[in-house]
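Residue-level structural notes
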Amino acid sequence: MDIQKLRYFVEIARTENISKAAKALYIGQPSLSMALKRMEEELDTTLFDRKGKTLQLNDNGRKILVPVKEIVELMNQVEAIASKRQEHHISLAIAEEVVLHNFKDVFEREHPDILIDFCFVTTQEAIEMLELGQVDLAITSTTIDLKDSKPLFQFECPLLLCIPKTNPLSNKKKLSFLETRDETFIYSLFQKSFIAFINSYAAANNYIPKLEYATADPLFVFRLLKQGRGITAISEYDEVIVEELDIAIIEVTDVARKIVGYSMINEADFSPELKIFKDFFVHYYM
């Protein structure tokens, strides 16, 4: 049981609503619902009674609320002591379909005094958080018409696919997306936009795609990949996992991913840390 789930539990108990708790925690509603489900599975019991959109603590939930609050408060105190190292934070809202290959780890290795606080949300939620001043930057895969903000940067990166080495396509250095028309795409909860793209691409090229929903858990996706059940797009967290499995990463030549960054802060007013991050990010991907 990790501390983050305990914090989620306390906030849901306070708001009695997943949507309100998700906004207060700066995470996507699906992610919070899944975290609560996993916590209940780990405890092998339900903690809330569901009444429409309202979640009320049941007897099990009430029994653990006080000790959980004490644990969370203690951890907050520990983190407050640790934060006195003068670390600087940058907050990001990243649209769930955006793929940032290993960027966070690389940045924090080179700039250990600047930590990135980020959450994966829908594009609309990312923009709302930006407009409310809850994050420094929002990164999406689409160009958005914002009243007081123009794109800070925008560029395209190649799409990368994870393909089991038992699949003949894994022998290619590069391939066109049309070559995957007979493959089954395994996808998770956080790849909805990618699946929408596949459906659109398939319709334009007159074929019906083969899709298999796995779970919200990226690790389960890779278990299916290892079994040779299909292929998938790679995401930021996945490269370390892929290195440990018999899976090839293949670049797609005819499909690119758009990355667009927005900030409500005038670039001239960027903090030194935010300017370092922006310049590093653009250089890393361009």
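Residues numbered from 1 in each chain as written. Predicted model: local features only at pLDDT ≥ 70, side-chain atom pairs only at ≥ 80, totals over all residues. Heavy atoms only, no water.

Turning next to the packing of helix α2 (residues 18-25) against helix α3 (residues 29-43). One way to put it is that α2 packs onto α3 with a least axis distance of 9 Å and a crossing angle of 105 degrees. With respect to each other, α2 and α3 are oriented roughly perpendicular. Across from Ile18, Ser19, Ala21, Ala22 and Leu25 in α2, the residues of α3 making contact are Gln29, Leu32, Ser33 and Leu36. Among the residues forming the contact of α2 with α3, the class breakdown is 6 nonpolar, 3 polar and no charged. (Axes fitted to C-alpha atoms, helices over the stretch in contact; angles between N-to-C directions. Helix = DSSP H or I, 4+ residues; strand = E, 2+ residues; numbered from the N terminus. Parallel < 35°, antiparallel > 145°, perpendicular 65-115°, else oblique. Contact = heavy atoms within 4.5 Å. Nonpolar A, V, L, I, M, F, W, Y, C, P; charged D, E, K, R; others polar.)

Let's shift gears to the pairing of strand β5 (residues 137-140). Burial along β5 is two-sided: Leu137 and Ile139 facing one way and Ala138 and Thr140 facing the other are all buried. As defined by bridge partners, strand β3 (residues 88-95) adjoins β5 across 3 bridges and the pair is classed as parallel. Bridge assignment links Ala93 to a residue of β5, and that residue is Ala138. As judged from the 3 bridges shared by β5 and strand β11 (residues 247-262), these two strands associate in the antiparallel manner. Its bridge partner lying in β11, Ile139 is registered against Gly261. (Buried < 20%, exposed > 50% of the residue type's maximum accessible area, 1.4 Å probe, protein only. Pairing = 2+ DSSP bridges.)

This brings us to the nonpolar core. Among the nonpolar cores identified, the biggest contains 33 residues, and Phe9, Ile12, Leu32, Phe48 and Ala93 are the most heavily contacted of them. Of all elements in the fold, only α1 (3-15), α2, α3, β2 (54-57), α4 (59-82), β4 (114-121), α6 (123-131) and β11 reach the threshold of two or more residues within this core. A total of 6 residues in this core trace back to one element, the largest contributor, which is α1. When sequence neighbours within four positions are dropped, the list of residues in contact with Ala93 reads Cys119, Val121, Ala126, Met129, Val135, Leu137, Ala138 and Ile139. Judged by nonpolar contacts, the second largest core, of 21 residues, contains Ile94, Phe107, Phe120 and Leu274. (Core = buried A, V, L, I, M, F, W, Y, C linked by side-chain atoms within 4.5 Å.)

Here the focus is α1. For α1, which comprises 13 residues, the first-to-last C-alpha distance of 19 Å matches the rise-based estimate of 18 Å (1.5 Å per residue) to within 8%. Most of α1 sits out of view: 10 of its 13 residues are buried. If you check which residues of α1 are buried, you get Lys5, Leu6, Arg7, Tyr8, Phe9, Val10, Glu11, Ile12, Ala13 and Thr15. Downstream of α1 by one or two residues, Glu16 has phi in the positive range, about 55 degrees. (Expected span 1.5 Å × (residues − 1).)

On inspection of all chains with the given rule, the structure shows 9 salt bridges. Residue Glu212 pairs with Arg229 through a salt bridge whose shortest N-O separation is 2.6 Å. Note that Glu212 is positioned in strand β9 (residues 210-213) and Arg229 in the loop between α8 (218-226) and β10 (232-233), a separation of 17 residues in sequence. Looking at Arg229, the relative accessible area reads 38%, which means it is partly exposed. Taking the shortest distance from any N to any O, the salt bridge between Asp279 and Lys278 comes out at 4.0 Å. Linked by salt bridges that have partners in common, Glu267, Lys275, Lys278 and Asp279 make up one network. (Salt bridge = Lys/Arg side-chain N within 4 Å of Asp/Glu carboxyl O.)

What follows deals with the packing of aromatic side chains. Enumeration according to the criterion identifies 7 aromatic pairs in this entry. Between Phe177 and Phe185, the ring centres sit 5.6 Å apart and the planes meet at 25 degrees, which makes this aromatic pair stacked. One exposure class covers both Phe177 and Phe185, and it is buried. Taken together, the ring pairs in this structure connect Phe107, Phe153, Phe277, Phe280 and Phe281 into an aromatic cluster. (Phe/Tyr/Trp six-rings, centres within 6.5 Å; stacked < 30°, edge-to-face > 60°.)

On to the side chain of Glu183, then. Examined against the element boundaries, Glu183 turns out to sit in the loop between β7 (174-175) and β8 (184-187). Lacking a salt bridge, the buried Glu183 has Lys210 as its closest oppositely charged neighbour, with an N-O distance of 7.7 Å. (Lys, Arg positive; Asp, Glu negative; His and termini not counted.)

Moving on, we come to the side chain of Thr232. Along the chain, Thr232 turns up in strand β10. A relative accessible area of 1% places Thr232 in the buried class. Within polar-contact distance, the side chain of Thr232 engages the backbone oxygen of Ile186 at 2.7 Å. (Polar contact = N/O pair within 3.5 Å; in protein donor to acceptor, adjacent residues only side chain to side chain.)

Quick look at the packing of α1 against α3 now. Contact pair α1 / α3: the axes reach a minimum separation of 10 Å and the direction vectors enclose 110 degrees. In terms of orientation, α1 lies roughly perpendicular with respect to α3. Listed contacts from α3 to Lys5, Leu6, Tyr8, Phe9 and Ile12 of α1 are Leu32, Ala35, Leu36, Arg38, Met39 and Glu42. When grouped by side-chain class, the residues that make up the contact of α1 with α3 number 8 nonpolar, no polar and 3 charged.

Everything listed is a geometric property; what it means functionally is a separate question.
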